[in-house]
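Residue-level structure breakdown
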Amino acid sequence: MLQIRQAIPEDAPHIALLGRVTFTETFSEYFRDTQDLFDYYEQTFAVSKIKASIKNNKYWIVFWNELPIGYAKLKVHSTSEFIGSSTVSQLQKIYVLKEFLDKKAGKVLMEELMSSFNTSDQTHIWLSVLHSNERALHFYYKNGFSKIGEHQFSIGKEIFDFFVLSKEKY
């Protein structure tokens, strides 16, 4: 059974581990150098960094029978070069363990995140998604996001092509 709640700083170790595992499940095949991947984990999914981030952003954590299986992050006030507004938030992450994707945890996380966005003073929400991540693209398109641009992002020696998707508050 799924349970969801807003994350607190004490959840940072769970979120850090979920981030590392889900990123590995989805993206590790794109890395030729495992050290690049490890360095990215140390930089992006450090417990101390996530604890600090929870204080300035909104996170939700989802559980399956008390086991943490995924999380979402909404970065409030995160402008994009593709959106000409200053009242913009970024859906930075929705990560769910592969084993639990069929439990609809991503849908529950999206609903919580969008509910928070829709009751905020923000007018637009955007995200970046790897252009080859068909499952994620389908999920976001199904949830009303549209492609508004493209950009590249480097991790170590690897360069990734991303689509930028956006949704305007109704």
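Preceding block: the structure.
Keep in mind that this is a model prediction, so the values were computed, not measured. The numbers attached to residues start from 1 for each chain and follow its sequence in the written order. Totals for whole chains, interfaces and linings use every residue, but because this is a predicted model, local features are given only for residues with pLDDT of at least 70 and side-chain atom pairs only at 80 or more, for both listing and counting. Each side-chain value is worked out from all heavy atoms of the structure, with water and hydrogens disregarded.

**A closer look at the packing of aromatic side chains**
The geometry of an aromatic ring pair is captured by the separation of the ring centres together with the interplanar angle, meaning the angle of the planes. Heads up, the condition is: Between the rings of Phe, Tyr and Trp (Trp by its six-membered ring), a pair exists once the centres lie within 6.5 Å; its type follows the angle of the planes, with under 30 degrees stacked, over 60 edge-to-face, and the other angles tilted. Numbering of helices and strands starts at the N terminus; helices are DSSP runs of H or I of at least 4 residues and strands are runs of E of at least 2. Each residue gets one of three labels from its accessible area relative to the maximum for its type: buried under 20%, exposed over 50%, partly exposed in between, using a 1.4 Å probe on protein chains only.
Per the counting criterion, the structure on display carries 16 aromatic pairs. An angle of 85 degrees between the planes, with centres 6.2 Å apart, marks the rings of tyrosine 30 and phenylalanine 160 as edge-to-face. Placement of the pair is tyrosine 30 in the loop between helix H1 (12–27) and helix H2 (34–44) and phenylalanine 160 in strand S7 (residues 158–168), with a sequence separation of 130 residues. Residue tyrosine 30 is classed as partly exposed on the basis of its relative accessible area, which comes to 30%. By relative accessible area, which is 8% here, phenylalanine 160 ends up buried. Aromatic rings pair up to connect Phe23, Phe27, Tyr30, Phe31, Tyr40, Tyr41, Phe45, Tyr59, Tyr71, Tyr95 and Phe160 into one cluster.

**Regarding the nonpolar core**
For the record, the criterion: What is meant by a nonpolar core is a set of buried Ala, Val, Leu, Ile, Met, Phe, Trp, Tyr and Cys residues, joined one to another through side-chain atoms within 4.5 Å. In what follows, a contact means two residues having at least one pair of non-hydrogen atoms within 4.5 Å.
Membership of the largest hydrophobic core comes to 48 residues, with the highest contact counts inside it found for Phe23, Leu91, Tyr140 and Phe145. Those residues within four positions of phenylalanine 23 in sequence are excluded, and the remaining contacts are Ser28, Phe31, Leu37, Tyr40, Tyr41, Phe45, Tyr95 and Ile155.

**What to know about unusual backbone geometry**
Generally, phi is negative for residues other than glycine and the peptide bonds are trans, each holding for most cases. You will see that asparagine 65, though not glycine, has its phi angle at about 50 degrees, which is positive. Along the polypeptide, asparagine 65 turns up in the loop between strand S2 (58–64) and strand S3 (67–75). Despite not being glycine, lysine 104 has its phi angle at roughly 70 degrees, a positive value. In this structure, lysine 104 sits in the loop between strand S4 (88–96) and helix H4 (105–118).

**Topic: helix H3 (residues 47–56)**
Put simply, the rule reads: This arc is taken over the directions from the axis of the helix to the C-beta atoms.
Within H3 the residues assigned to the buried category are Ile50, Ser53 and Ile54. Looking straight down H3, one finds its buried side chains confined to an arc of 105 degrees; they lie on one side. With respect to the buried face of H3, the exposed residues turned more than 90 degrees away are Ser48, Lys55 and Asn56. In this fold, the buried residues of H3 make contact with H1, H2, S2 and S3.

**Digging into the side chain of serine 85**
Worth spelling out the cut-off: For the purposes of these results, a polar contact is taken to be a pair of N or O atoms within 3.5 Å, where, inside protein, one atom must be able to donate a hydrogen and its partner to accept one; residues adjacent in sequence count only when each atom of the pair is a side-chain atom.
Mapping serine 85 onto the fold places it in the loop between S3 and S4. A distance of 3.0 Å separates polar atoms of two side chains, one belonging to serine 85 and the other to threonine 87. Once residues within four sequence positions are removed from consideration, serine 85 is found in contact with Thr79, Thr123 and His124.

**A look at the pairing of S3**
Look at any regular strand and the pattern is simple: side chains alternate between the two faces of the sheet. Put simply, the rule is: One requirement defines pairing of two strands: DSSP has to find at least two bridges between them.
For S3, a buried count of seven out of nine residues is recorded, marking the element as mostly surrounded by other parts of the structure. Two strands pair when backbone bridges link them, and S2 and S3 are joined in this way by seven bridges, in the antiparallel orientation. Across the sheet, valine 62 pairs through a bridge with glycine 70, a residue of S3. Counting the residues between successive antiparallel strands, the hairpin from S2 to S3 contains two residues, one of them, asparagine 65, with a positive phi of roughly 50 degrees. Pairing between S3 and S4: six bridges, direction antiparallel. Across the sheet, glycine 70 pairs through a bridge with valine 96, a residue of S4.

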